[in-house]
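# Per-entry structural report
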Amino acid sequence: MIWLTWRQLRGSAAMTAAALVVLAVVLALTGPDLAARYTAGIAECAQDGTCDRFYDRFFGAYEMPFMAASLVVLLLPALVGLFWGAPLITRELEAGTHLLVWNQSITRGRWLAVKLGLTGLVAVAAAGLCGLVVTWWSDPLDRSAAESLALMAPLVFGARGIAPMGYAAFAFVLGVTVGMLVRRTLPAMALTLAVFAAVQLVMPLLVRPHLMPPVTSTFELGKANVENLGIAQEGGGPVRVLLRPAVPGQAGAWVLSSTLVDRSGRAVSDGGDSAAVQVSTTSGPCSPSAAGRGDSCVAEINRLGYRQRVTYQPLERFWPFQWIEAGIYGLLTLGLTWFCFWWVRRRLS
């Protein structure tokens, strides 16, 4: 049963590697054409000011492969931990073959170093290559994506740059560590997945927003940051303003919070996603009968002193964040590696 399980796991790892090779070939073949289409579209839309519509059409045409490629990079570190890390030591502990090796001339430390070095380097290299190829291929789409899928958005950020290398290294050594402690392959895989998923949730929610002090600014309302205006057809009620998670003049920024504030700087909110603005809707620019009331009503709201107060991380911090986050995972990996060597030398038998 142990041998059958290991053969199945080894087959899954081989299939993962083959799938990565196919993905890299497909992206390498389609990437130049994707970039050429984007360049031609930008040159055309810049002449008549229709680039917003071009972005929507261009991204919509490639949204499915964009999401698929990003998902592969996001899942790859978890697969490394499951199929390469967790079974690496556990299968020998279950079979007892590690005792035979130790009774020969190979020391425990060397035995572990060879296993971690060979398999770990291959896993990290695969994740790094996959992340960088997807980053290169998706560059035109990252420039065209909506705010929720922009480059700094949590789901996209983790599938770009060098961060996947850090994730893969951590997941691999985490799997090895859990395997040595649990000594059962399937429970070790399950626990590795649970711990890795928890860390991957904590990082974007609690850690990444504070890797650098976020920027807080106030902006006038306009097309860039107003999603919708709610004006009752009969008039007489407040105008409901729904803000977009965007920063005027900072395309691709990661918005941490966005609030409508009044002239005194006090937050205006009714407990929902939209905010009620006290402005006349019986007459004037925000009345139901006003012509072109959207732009004129926004101008009236600005005149009354309402502003968007937004806290965000600018797009230009993408690569500094990538290096910092990869460094954090590198330190976690080194800590787990030290623990593995200590455990093998002092506690494992």
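Please read these numbers as outputs of a predicted model, since none were measured by experiment. (Residues numbered from 1 in each chain as written. Predicted model: local features only at pLDDT ≥ 70, side-chain atom pairs only at ≥ 80, totals over all residues. Heavy atoms only, no water.)

The next thing to look at is the sheet that holds strand E7 (residues 307-313). The four strands lie next to each other as E1-E7-E4-E5, forming an open sheet whose pairing is antiparallel. Two strands bound the open sheet, and with one partner strand each, they are strand E1 (215-219) and strand E5 (267-268). (Pairing = 2+ DSSP bridges. Helix = DSSP H or I, 4+ residues; strand = E, 2+ residues; numbered from the N terminus.)

In space, the three strands of this open sheet follow the order E2-E3-E6, with antiparallel pairing throughout. Only two strands of the sheet have a single neighbouring strand rather than two, namely strand E2 (226-230) and strand E6 (274-277). Along the sheet, successive strands turn relative to each other by an average axial angle of 25°, direction set aside. Where strand E3 (residues 239-243) meets E6, four bridges bridge the pair, whose relative direction is antiparallel. Looking across to E6, one finds that Val-239 is bridged to Val-277. (Axes fitted to C-alpha atoms, helices over the stretch in contact; angles between N-to-C directions.)

This next bit is on the packing of aromatic side chains. For the structure on display, the rule yields 14 aromatic pairs. An aromatic cluster is built from Tyr-38, Phe-54, Tyr-55, Phe-58 and Tyr-62, whose rings are joined through pairwise contacts. (Phe/Tyr/Trp six-rings, centres within 6.5 Å; stacked < 30°, edge-to-face > 60°.)

Helix H8 (residues 163-182) packs onto helix H5 (residues 108-137) with a crossing angle of 150° between their chain directions and a minimal axis gap of 8 Å. As the angle between them shows, H5 and H8 are arranged roughly antiparallel. At the point where H5 passes H8, the crossing takes the right-handed sense. Taken together, the residues of H8 that come into contact with H5 (itself represented by Lys-115, Leu-116, Thr-119, Gly-120, Ala-123, Val-124, Ala-127, Gly-128 and Gly-131) are Pro-164, Met-165, Ala-168, Ala-169, Phe-172 and Val-176. Residue composition of the contact of H5 with H8, by class: 10 nonpolar, four polar and one charged. (Parallel < 35°, antiparallel > 145°, perpendicular 65-115°, else oblique. Left-handed = near helix turned anticlockwise from the far one by under 90°. Contact = heavy atoms within 4.5 Å. Nonpolar A, V, L, I, M, F, W, Y, C, P; charged D, E, K, R; others polar.)

This part covers the state of the cysteines. Summed over all chains, the structure comprises two disulfides. Covalently, Cys-45 is tied to Cys-51 through a disulfide, its sulfur atoms 2.0 Å apart. Classification of the bridge connecting Cys-45 and Cys-51 rests on its S-S torsion, roughly 85°, and on that basis the disulfide is right-handed. By relative accessible area, Cys-45 is classed as buried at 3%. Given the relative accessible area of 17%, Cys-51 is considered buried. In this model, Cys-286 is linked to Cys-297 through a disulfide, with the two sulfur atoms separated by 2.0 Å. Residues Cys-286 and Cys-297 are joined by a disulfide whose S-S torsion is about 100°; by sign, that bridge is right-handed. You can see Cys-286 sitting in the loop between E6 and helix H10 (293-303) and its partner Cys-297 sitting in helix H10, a full 11 residues away along the chain. The same class applies to Cys-286 as to Cys-297, namely buried. Cysteine pairing in the protein chain follows 1-2, 3-4, where each cysteine in a disulfide is numbered by its order in the sequence. (Disulfide = S-S within 2.5 Å. Buried < 20%, exposed > 50% of the residue type's maximum accessible area, 1.4 Å probe, protein only.)

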